[in-house]
Amino acid sequence: MTDAPIPSRAPNETPADDAIVPFAVESLDLRGRVVRLGPALDAILTGHDYPLPISKLLGEAIALTVLLGSSLKFDGRFILQTQADGPVRMLVVDFVSPGKVRACARFDPGHLERAIADGKDSPGELLGTGHLAMTIDQGSGMNRYQGLVALSGGSLEDAAHEYFLRSEQIPTRVRLAVAQEYSAYDAADPAGGRRPRWRAGGLLLQFLPAKAERMRGPDLDPGDAPEGTAPHAVAEDEAWIEGRSLVETIEDVELIDPALSSERLLYRLFHEHGVRVFRPVDVLARCTCSRDGVRSMLKSFSQDDRDHMVENGMISVTCEFCTSNYRFDPAEVADAAE
Ligand SMILES: [Zn+2]
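This text gives an overview of the structure that appears in the document. (Residues numbered from 1 in each chain as written. Predicted model: local features only at pLDDT ≥ 70, side-chain atom pairs only at ≥ 80, totals over all residues. Heavy atoms only, no water.)

Some remarks on the sheet that holds strand β6 (residues 129-137)
Overall, mixed pairing links the six strands, which are arranged β7-β6-β3-β4-β5-β12 in an open sheet. A single partner strand is all that each edge strand has here, and the edge strands are β7 (144-152) and β12 (284-285). Sheet strands touched by helix α2 (residues 52-69): β3 (77-84), β4 (88-96), β5 (100-107) and β6. Its angle to β4, the strand with the most contacts, is close to 35 degrees. (Pairing = 2+ DSSP bridges. Helix = DSSP H or I, 4+ residues; strand = E, 2+ residues; numbered from the N terminus. Contact = heavy atoms within 4.5 Å. Axes fitted to C-alpha atoms, helices over the stretch in contact; angles between N-to-C directions.)

Here we look at the coordination of the zinc ion
Ideal geometry at a metal centre gives angles of 109.5 degrees when four donors are arranged tetrahedrally and 90 or 180 degrees when six donors are arranged octahedrally. Coordination of the zinc ion by the protein comes from Cys287 (SG), Cys289 (SG), Cys319 (SG) and Cys322 (SG), over a distance range of 2.2 to 2.3 Å. Read in sequence order, the donor residues coordinating the zinc ion give the pattern C-x1-C-x29-C-x2-C. You can call Cys319 buried: its relative accessible area is 9%. (Donors = N, O, S within 2.8 Å, 3.2 Å for Na, K, Ca; no water. Buried < 20%, exposed > 50% of the residue type's maximum accessible area, 1.4 Å probe, protein only.)

Some thoughts on the pattern of salt bridges
For the structure on display, the rule yields 20 salt bridges. Arg102 is the partner of Asp94 in a salt bridge, and the nearest nitrogen-oxygen pair spans 2.6 Å. For the pair Asp94 and Arg102, one class covers both residues: buried. Through salt bridges with shared partners, a single network forms among Arg173, Glu236, Arg244 and Glu248. (Salt bridge = Lys/Arg side-chain N within 4 Å of Asp/Glu carboxyl O.)

Quick look at the nonpolar core
Counting 53 residues, the largest nonpolar core has Leu58 and Ile62 as the members making the most contacts within it. It is α2 that contributes the most residues to this core, 10 residues altogether. What Leu58 contacts, discounting residues up to four positions off in sequence, is Leu45, His48, Tyr50, Leu91, Val92, Val93, Ala103, Cys104 and Ala105. (Core = buried A, V, L, I, M, F, W, Y, C linked by side-chain atoms within 4.5 Å.)

Focus: helix α1 (residues 39-48)
Within the sequence span of α1, burial applies to Ala40, Leu41, Asp42, Ile44, Leu45 and His48. Backbone geometry just downstream of α1 places Asp49 in the positive-phi region, at approximately 55 degrees.

What about unusual backbone geometry?
The peptide bond linking Ser97 to Pro98 adopts the cis configuration, its omega dihedral lying at 5 degrees. Inspection of the secondary structure puts Pro98 in the loop between β4 and β5.

Considering the side chain of Glu60
On the secondary structure map, Glu60 appears in helix α2. Here Glu60 sits buried without a salt bridge, and the closest side chain of opposite charge, Lys56, lies 4.3 Å off (N-O distance). Excluding residues that lie within four positions of it along the chain, Glu60 makes contacts with Pro123, Leu156, Leu176 and Val178. (Lys, Arg positive; Asp, Glu negative; His and termini not counted.)

Notes on the sheet that holds strand β14 (residues 314-318)
Note on sheets: strands pair through backbone hydrogen bonds, and any given pair is parallel or antiparallel. Strand order across the open sheet formed by three strands is β13-β14-β15, with antiparallel pairing between neighbours. Either end of the sheet is taken by a strand with one partner, and the two such strands are β13 (310-311) and β15 (325-328). In this sheet, β15 lies alongside β14 in antiparallel orientation, the contact comprising four bridges. Looking at β15, one finds that Thr318 is bridged to Asn325.

Side note on the pairing of β6
When β3 meets β6, the two strands line up antiparallel, connected through eight bridges. Within the sheet, the bridge partner assigned to Ile79 lies in β6 and is Thr135. Here β6 runs beside β7; their pairing, made up of nine bridges, is antiparallel. Within β7, the residue paired with Leu132 across the bridge is Val149. Counting the residues in the hairpin turn of β6 and β7 gives six residues, including Gly139, whose phi is positive at 95 degrees.

Focus: the packing of α2 against helix α5 (residues 156-168)
Where α2 contacts α5, the axes come no closer than 10 Å and their chain directions differ by 30 degrees. One element, α2, and the other, α5, form an angle in the roughly parallel class. Of the residues in α5, those touching α2 at Leu57, Glu60, Ala61, Leu64 and Leu68 are Leu156, Ala160 and Phe164. Along the lines of polarity and charge, the residues of the contact of α2 with α5 split into seven nonpolar, no polar and one charged. (Parallel < 35°, antiparallel > 145°, perpendicular 65-115°, else oblique. Nonpolar A, V, L, I, M, F, W, Y, C, P; charged D, E, K, R; others polar.)

Description of the pairing of β4
With eight of nine residues buried, β4 lies mostly within the body of the structure. In terms of strand pairing, β3 meets β4 through seven bridges, oriented antiparallel. For Leu80, the partnering residue across the bridge sits in β4 and is Val93. Where β3 folds back on β4, the antiparallel hairpin that results is connected by three residues. As paired elements, β4 and β5 share eight bridges and run antiparallel to each other. Residue Val93 lies in a different strand from β5, and its bridge partner there is Ala103. The turn joining β4 and β5, which pair antiparallel and follow one another in sequence, is formed by three residues.

Printed below as a string of structure tokens:
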């Protein structure tokens, strides 16, 4: 690899949580991002206090959403949503560029309890069969773009690979890991700092050569070919085989290790080929709900719908993402009100 770019400096060894590090391995035509989530993830998952398997799955969905949403090249919103027939009916993760994230889940407690008792609580089993929708919203007046991929008992990583293969035709590998860390001690924590904290890590790698034909993989299905015809096989590009093989060696512990910096992780994977990192982007756990937003939503309802929401003389709305409660006098949101 005589033509590999020489790194201009040694990897930064200081780990940084709640940050996305974009990178490129130019000698292999690879681009990607690493995300490490600590306090932001912990704030979201601890706030909801869902059962453990749901928290872990939602944590994976958050890491995946941050990896995908942080690729937006404009001010906008990226929403990842699952809808399926498993114990987890719905996951919603909402990412607003450059780095605000919020998330929630809906699940069936009885169904979840049975799944756990039967040992059927892998991410794929929790989701079941349904679909994963990814929506890009550029804001007022702009088109929304939505991509869909089937969920059929596999993980969120599997769904992401399938989506990029079928919809975008970009060879992609995603790794996600979520865990609770017990060793952290925070003297400022009123609970004495002795509670487990959620952490997550993720890595997205894509093969983006200048010549599009190099991205071709095996054909998806035989199409109209007569029965018995062997599927048309195209060899994967050597550079992509190298890249995805390296990513497949990443262990969960490397993704969530609070002492291992993202740059050091990238160096471990790609040092032979030369890896270039770009300016990190911070991730914040922030809900975008507001009293004004909820007021506009209520005003968009029919008077009849609003009348049905009145309890003890007030309309009360709780944000499903952050549990903030907003209370309105019905007169404030009535049709005639300003
Ligand atoms: Zn909220």
